[in-house]
Amino acid sequence: EVSISELGLGYESDETVLFRYCSGTCEAAVRSYDLSLKSMRSKRRIKKEKIRARPCCRPLAYDDDVSFLDAYNRYYTVNELSAKECGCV
């Protein structure tokens with residue numbers, strides 16, 4: 001559970017939300033694309049860029065939208081905030 005302010009989205013509010021996130025490795029989801037990208041990077045066929053040559057754990061679905069009042073009594077709704085389902089992408 002975290003306050004809306006702690007989320008780093010620019011809102012000032014003491015209201016709290018349950019923030020679910022994804023983590024973990026995705027080695028079992030490695031595909032031909034990932035292997036080829038890794039090979040091209042090691043051979044320096046792709047310049048130094050921040051490219052991941054493996055899948056990562058990300059939200060596939062999100063919990064319901066979150067609505068709250070900020071410190072100035074303005075009403076906001078934020079969507080796609082808390083992970084409902086995670087997977088390797």
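Labelled according to an unreviewed UniProt entry, the protein appears under the name Neurturin, originating from Podargus strigoides. Quoted verbatim from the Subunit (unreviewed entry) field of UniProt, the annotation for the protein is "Homodimer; disulfide-linked. Interacts with GFRA2 coreceptor and RET: forms a 2:2:2 ternary complex composed of NRTN ligand, GFRA2 and RET receptor. Also forms a 4:4:4 tetrameric complex composed of 4 copies of NRTN ligand, GFRA2 and RET receptor, which prevents endocytosis of RET." Its UniProt record gives the protein the following Subcellular location (unreviewed entry) comment, quoted word for word: "Secreted".

## A closer look at the overall build of the protein
From N to C terminus, the protein includes one helix and six strands. Tracing the protein from N to C terminus, the helices and strands come up as β-β-α-β-β-β-β. Its C-alpha atoms give the protein a radius of gyration of 18 Å, more than 25% over the compact-globule value 12 Å for 89 residues. If you line up the protein on its principal axes, its C-alpha atoms span 55 × 25 × 15 Å. Once local pairs closer than 6 in sequence are excluded, the contacts in the protein between residues at least 24 apart make up 52%. Here the protein displays about 7200 Å² of accessible surface, and carbon together with sulfur accounts for 46% of that area. Taking the average place of the 15 positive charges on the side chains of the protein and the average place of its 14 negative ones, the gap between the two points comes to 20 Å.

## Remarks on the nonpolar core
Ile4, Val17, Val66, Phe68, Val78 and Leu81 form the largest nonpolar core, which has six residues in total. When sequence neighbours within four positions are dropped, the list of residues in contact with Leu81 reads Leu7, Leu9, Val17, Phe19, Tyr62 and Val66. Residues Cys26, Ala29, Cys57 and Ala83 belong to the second largest nonpolar core, which totals five residues.

## Details of the packing of aromatic side chains
Where two aromatic rings form a pair, the distance of their centres and the angle of their planes describe that pair. Applying the stated criterion across every chain, the model contains four aromatic pairs. Where Tyr11 meets Tyr76, the ring centres are 4.7 Å apart and the plane angle is 50°; that geometry is what we call tilted. Of this pair, Tyr11 sits in the loop between β1 (2-3) and β2 (16-17) while Tyr76 sits in strand β5 (residues 75-78), placing them 65 residues apart in sequence. For Tyr11, a relative accessible area of 24% gives the class partly exposed. Judged by relative accessible area, Tyr76 falls into the partly exposed class, the value being 25%. Ring plane angle 25° and centroid distance 6.4 Å describe the contact between Phe19 and Tyr21, whose orientation is recorded as stacked. On the basis of relative accessibility, which here comes to 35%, the residue Phe19 falls in the partly exposed class. The class of Tyr21 is exposed, set by a relative accessible area of 61%.

Parameters at a glance
Residues numbered from 1 in each chain as written. Predicted model: local features only at pLDDT ≥ 70, side-chain atom pairs only at ≥ 80, totals over all residues. Heavy atoms only, no water. UniProt positions renumbered as here; feature names shortened; annotations may be inferred. Helix = DSSP H or I, 4+ residues; strand = E, 2+ residues; numbered from the N terminus. Rg over C-alpha atoms; globule rule 2.2 N^0.38 Å. Contact = heavy atoms within 4.5 Å. Areas by Shrake-Rupley, 256 points an atom, 1.4 Å probe, with all protein chains shown as cover. Lys, Arg positive; Asp, Glu negative; His and termini not counted. Charge placed at Lys NZ, Arg CZ, Asp CG, Glu CD. Core = buried A, V, L, I, M, F, W, Y, C linked by side-chain atoms within 4.5 Å. Buried < 20%, exposed > 50% of the residue type's maximum accessible area, 1.4 Å probe, protein only. Phe/Tyr/Trp six-rings, centres within 6.5 Å; stacked < 30°, edge-to-face > 60°.

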